[in-house]
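# Chains, contacts and geometry: an overview
Spelled out from the first residue to the last, the chains are:
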Amino acid sequence: MAAEAAKEATTSAPIDVAKEVGQLLEPENAGRLLELGRDFLIQYGPKVLAAIAIFIFGKMLAKWLKKVVVRLMNKAEVDPMVTGFTASMVYIGLMVFVVMAALGQVGIQTTSFLAVLGAAGLAIGLALQGSLANFAAGFLLIIFRPFKVGDVIEAAGVTGKVDLIQIFTTTLKTADNKTIIVPNAKLGNDNIINYSTQETRRVDLVVGVSYDADIKETRDILQAIVDTEERVLKDPEPLIVVGELADSSVNFFVRVWVKSADYWGVFYDANEAVKLRLDEAGIGIPYPQRDVHLYEHNNA
């Protein structure tokens with residue numbers, strides 16, 4: 001029993017690390033120190049060298065891939081802000097992987113560390129869900145370029161000229177000089193109508209005349225208006241047809257092609273010219289009318 005108690009006391013006694021190291025550094029223990037160093041090098045030397053090699057070559061590979069990403073995105077004329085951000089994210093992600101691989105090579109357990117990183121990333125992602133959606137949509141808008149600065153677009157319930165495309169928002173200017181800042185997530189999840197991608201646009205006019213009007217004369221007047229408008233293109237050929245026999249009018253469909261920049265000018269001028277010319281010719285343009293009948297009731 002005494003021997004067991006002594007053994008237990010010896011086992012539970014704290015180890016004086018400084019004393020142990022001091023003993024190893026004494027001259028008579030130099031052989032033991034060399035033996036421990038040799039054993040350490042034999043056991044951990046190859047792993048440490050492998051970890052250093054993984055880190056060095058991994059860093060070189062990360063830098064090379066970063067340059068490749070920058071070169072490809074510059075070739076695709078991607079916005080410089082997105083190019084720099086993407087290249088940095090690629091490099092950081094690769095370096096994290098390289099460091100994890102190097103630490104794992106020397107025997108350091110990285111499972112817990114990765115779990116902590118994953119939990120932190122999940123928490124950050126949930127907290128910034130809306131911002132991340134805007135970022136992802138902005139990234140895709142800049143990559144695929146459904147519109148560019150200067151284009152007139154209709155999206156997310158607004159219409160305006162694109163003034164600035166940023167990673168989280170897009171700024172539009174309306175015709176009356178209002179500034180509208182639209183989150184990119186709304187643009188990414190909505191239909192986008194781009195009025196500036198095509199060089200030409202079609203102007204559609206609906207001209208309603210009374211049923212008493214001379215159809216041929218009306219067509220000749222509309223044709224003369226189209227022929228004298230220099231901004232109307234000859235190809236495709238303008239179209240003037242009786243498109244609808246409505247309740248109170250005969251509706252002519254006038255469809256002409258113009259350059260996109262001339263669209264609104266031709267639209268407004270043509271409407272004015274149609275009204276003036278039809279008035280000169282005495283051709284009436286019907287408008288809704290309502291007859292009101294008043295009845296008098298005699299109270300007994």
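Residues numbered from 1 in each chain as written. Predicted model: local features only at pLDDT ≥ 70, side-chain atom pairs only at ≥ 80, totals over all residues. Heavy atoms only, no water.

Counting 22 residues, the largest nonpolar core has Val203, Val207, Val209, Leu222, Phe252, Val254 and Leu278 as its most contacted members. Put simply, the parts of the chain that give this core at least two residues each are β6 (200-209), α8 (215-228), β8 (250-259) and α9 (263-281). With near-sequence residues (within four places) excluded, valine 209 lies in contact with Thr218, Ser249, Val250, Phe252, Leu278, Ile283, Gly284 and Pro286. Grouped together as the second largest cluster of nonpolar side chains are 15 residues, Val78, Val162, Ile165 and Leu172 included. (Core = buried A, V, L, I, M, F, W, Y, C linked by side-chain atoms within 4.5 Å. Buried < 20%, exposed > 50% of the residue type's maximum accessible area, 1.4 Å probe, protein only. Helix = DSSP H or I, 4+ residues; strand = E, 2+ residues; numbered from the N terminus. Contact = heavy atoms within 4.5 Å.)

It is worth spelling out the layout of surface pockets at this point. Quantified by volume, the largest pocket comes out at close to 360 Å³. For the largest pocket, the lining is made up of 14 residues, of which Val152, Thr159, Tyr195, Arg201 and Trp264 are closest to its centre. Counting residues per element, the ones that place at least two in the lining of the largest pocket are β2 (158-165) and α9. Broken down by element, the lining of the largest pocket gets its largest block of residues, three residues, from β2. By residue class, the composition of the lining of the largest pocket is six nonpolar, five polar and three charged. (1 Å grid on protein atoms, 1.4 Å probe; cavity = no way out; pocket = protein on both sides within 12 Å on 5 of 7 lines; lining within 4 Å. Points joined across faces, edges and corners; volume = space filled by probe spheres on them. Nonpolar A, V, L, I, M, F, W, Y, C, P; charged D, E, K, R; others polar.)

When two helices pack together, their arrangement is captured by the angle between the axes and the distance separating the axes. It is the contact of α8 with α9, at a shortest axis distance of 10 Å, that shows an interaxial angle of 140°. One finds that α8 runs oblique with respect to α9. Of the two elements, α8 crosses α9, and the hand of that crossing is right-handed. Side by side, α8 and α9 meet where Glu217, Thr218, Ile221, Leu222, Ala224 and Ile225 of the first sit next to Ala273, Val274, Arg277, Leu278 and Ala281 of the second. Each residue belonging to the contact of α8 with α9 can be placed in one class, and the counts come to eight nonpolar, one polar and two charged. (Axes fitted to C-alpha atoms, helices over the stretch in contact; angles between N-to-C directions. Parallel < 35°, antiparallel > 145°, perpendicular 65-115°, else oblique. Left-handed = near helix turned anticlockwise from the far one by under 90°.)

Quick reminder: α-helices carry 3.6 residues per turn. Residues three or four places apart thus point the same way. For α8, with 14 residues, the first-to-last C-alpha span of 20 Å sits near the 20 Å given by 1.5 Å per residue. Within α8, the full set of buried residues consists of Thr218, Ile221, Leu222, Ile225 and Val226. Across the axial projection of α8, the buried residues extend over an arc of 135°, all falling on one side. Among the exposed residues of α8, those pointing more than 90 degrees away from its buried face are Lys216 and Thr228. The inward-facing, buried residues of α8 abut β6, β7 (239-245), β8 and α9. At the N-terminal boundary of α8, the capping side chain belongs to aspartate 214, with an oxygen 2.9 Å from the backbone nitrogen of lysine 216. (Expected span 1.5 Å × (residues − 1). Arc of directions from axis to C-beta. Polar contact = N/O pair within 3.5 Å; in protein donor to acceptor, adjacent residues only side chain to side chain.)

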